[in-house]
Every structure is written in structure tokens, then in C-alpha cells.
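# Structural features, examined
Listed below, chain by chain, are the residues.
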Amino acid sequence: MILPTLRQLQFLVALGETGSFSRAAEACHVTQPTLSAGIKELEDLFGVSLAERESRGATLTHAGEIAAARASALLADAHALVQAVTTAGEIFSGPFNLGAIPTIAPFVLPQTVSLLTKKYPDLKLYLNEDRTSRLIDQLKARTLDAAFIALPYDAPGIETMTLFDDEFLLAAPAGHPLARKNGLSPEDLKDTDLLLLEDGHCLREHALSVCRLKAGAGREQVAATSLGTLVNMVAGGLGVSLIPRLAADNGLALGPDVAVRAFVTPIIGRQIGIAWKAGSPRAAEARQLGELVREHLKPRATHHA
């Protein structure tokens, strides 16, 4: 009897979780033709259709759902086997795949890597920076063990742990009226040119939400691809923006042309959290990693000017 390979089963599970051949391929770090070929091989092996290919994605058939459910359990057992053998019960030993979204990665990962490698010399840490939806896909496909994301974020099958609140600060050109205003509040942003990150970044939605603003009305003309670009746009006098305290306190280059101010009533823009797949054999390590980051990256107290 010819048995399916774990890699083929991983392809099927990823396809079921993402509903897309392209996203499943990304989650498994293979090309789409490679993943499609693996699914076809499984279908030939089982003698049934496992996925219905559609113009906007793919849906598992009933047989595919049965196969994916059992494949997920088998993959979990295989991961647990590898983990048990390679680490011999030691935590943070062997390979650990860690992800983070772009508005967290530069401000959390450097210190995290330093802390982990010093404390656990046998750990082989692999890092991946990507947007939340793609990190979640990789957690579900078990190509990532844990990921730093912004909360709240609801994803079935994913467990999260909140680490700390991340306050929003105003970033304005040094000569801007809001850079000198007393009693700064979100209402002061209603008639300003508020600069945002481009669509797809969760920080953009958080910024709009906490200030009760809507996209549009001139806010779509200029959008930044990163926090660094956003700060450069502020420094150039294009408008004001909101930046996370996590970034301001941990390496975001601001420069003399940018004034950073706290609001009278602190605006909690988001929560920093760590996520992992429910039932993961590395769930305990993900929690411990979260505790480590929480201990060493506590935000500084707010000071009002």
C-alpha cells in the first residue's frame, strides 16, 4: 500500500485552512505548481476529488474535509515526535520559527532574539516578518511556532496571549500647532491631514478606529508602506500621524523635525500579543516567550507636555 507523505498532507491542511492555492503555497513555502501537484498526487492516491477549484480560491470536498481533519492530527503527532526527539524534553532547544507583523517586528524581535539566544544557547531561531493574515496561515500550517501580532484578532484555531497595551502618540512636524498645543485630544485630529499606513496594515485600522475617523475625505491620497516612511512624511511636513509607543521607545528613528506628543487621556491603540496554533506542542514555549517579552519590554510611563 502506498501511503501519502507528510508533505502532501501538509499541503492539503494548508489548502483547507486558507481556501486558496496561492496562500496555501505561501504558508508552506513552496510554489503554487508544487502545491497543486501535491494535491493532485493525493487525489490520485485516494481515488477521489479532494478540492473543488474555483475562480476565487478552492473549497475542500467532503472527502477532502475528512482527509484534512485526520491529516491535521497526524501532522500534530509528527511535530510532537520531532520536538520530543530533538529537544529531549528541553524547552527552547532546536528550531523555533517565530513571526511578527511589520509594525512590531523591528521593535520586539531584536531584543527577543538577544534574550533567547543568551538564555537558550541550543535554540535555533528562525524569523519571519509578514502581515497578520499570512502569519496566521503559517501558524495553522505549522510552519510557524508562534507570532507577535496586534490584538484583538479573531482567528479560529489560534490561541493568543496579551502582553501589554500599546499607546498611540501624536507625531507632528516640529513647527505644527499641535506640537505645542496643551490638552491634546483625538478631537484635534478631525481637521488635520492625518497620514496613515497603506491598506492591509492593521495599524491603519486601529488608528482610524481609536480616533473615530473614516477613511476618505482626502485621506487616501498619501499612504505609507512602513512606520519609517510614515515618520519621514511627517518630517517633510505632509501632515501628522499616530505612532505606537512601542516603536517610539524601541528604535524608531524620529529626528529633530518630528515632535512626539502624548494625549491627555492616553489612547490605547492596540494590544501587543503572541499567537500560536491551538494544540501546538510548542504552546508552553510560546507562553513563556510571551512572559519574557512582557517582562523586558514594558512600555515606559506616559509623560505629558
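Details of the structure are given in the entry above.
Reference entry: report on the structure contained in this document. (Residues numbered from 1 in each chain as written. Predicted model: local features only at pLDDT ≥ 70, side-chain atom pairs only at ≥ 80, totals over all residues. Heavy atoms only, no water.)

What follows deals with the overall build of the protein chain. A tally of helices and strands in the protein chain yields ten helices and eleven strands. With respect to the principal axes defined by its C-alpha atoms, the protein chain has extents near 75 × 45 × 25 Å. A total of 305 residues make up the protein chain; the buried ones form 49% of that total. Long-range pairs, those at least 24 residues apart, make up 74% of the contacts in the protein chain between residues at least 6 apart in sequence. (Helix = DSSP H or I, 4+ residues; strand = E, 2+ residues; numbered from the N terminus. Buried < 20%, exposed > 50% of the residue type's maximum accessible area, 1.4 Å probe, protein only. Contact = heavy atoms within 4.5 Å.)

Right, let's talk about helix H3 (residues 32–46) for a bit. Over its 15 residues, H3 runs 21 Å from end to end, which matches the ideal 21 Å to within 8%, given 1.5 Å per residue. Within H3 the residues assigned to the buried category are Leu-35, Gly-38, Ile-39, Leu-42 and Glu-43. With its buried residues spanning 140° around the axis, H3 presents them on a single face. Opposite the packed face of H3, turned more than 90 degrees from it, sit the exposed residues Pro-33 and Asp-44. Phi turns positive one or two residues past the end of H3, at Gly-47, with a value near 80°. (Expected span 1.5 Å × (residues − 1). Arc of directions from axis to C-beta.)

Right, let's talk about the side chain of Thr-192 for a bit. Tracing the sequence through the fold places Thr-192 in the loop between strand E6 (158–173) and strand E7 (194–197). Here Thr-192 falls in the buried class, since its relative accessible area comes to 15%.

A complete count under the given rule lists 14 salt bridges for this structure. Its salt-bridge partner being Arg-134, residue Glu-26 comes within 3.6 Å of it at the nearest N-O pair. With Glu-26 in helix H2 (residues 21–28) and Arg-134 in helix H6 (residues 132–140), this pair connects stretches of sequence that are 108 residues apart. Its salt-bridge partner being Arg-245, residue Glu-167 comes within 3.0 Å of it at the nearest N-O pair. On the criterion of sequence distance, the pair formed by Glu-167 in strand E6 and Arg-245 in helix H9 (residues 245–249) is long-range, its members being 78 residues apart. The pair formed by Glu-167 and Arg-245 is uniform in burial state, with each residue classed as buried. Each of the salt bridges in this network shares a partner with another, and the network as a whole consists of Glu-26, Asp-130 and Arg-134. (Salt bridge = Lys/Arg side-chain N within 4 Å of Asp/Glu carboxyl O.)

Attention shifts here to a nonpolar patch on the surface. Nonpolar side chains collect at one region of the surface, where Ile-2, Leu-45, Phe-46 and Val-48 lie side by side and expose about 350 Å² of accessible area between them. Position of Phe-46 among the secondary structure elements: in helix H3. Accessibility expressed as a relative area gives 39% for Phe-46, which makes it partly exposed. (Patch = residues over 30% accessible without salt bridge, like charges linked within 9 Å, V, L, I, M, F, W, Y side chains within 5 Å. Areas by Shrake-Rupley, 256 points an atom, 1.4 Å probe, with all protein chains shown as cover.)

Treat this as a map of the structure, not an account of what it does.
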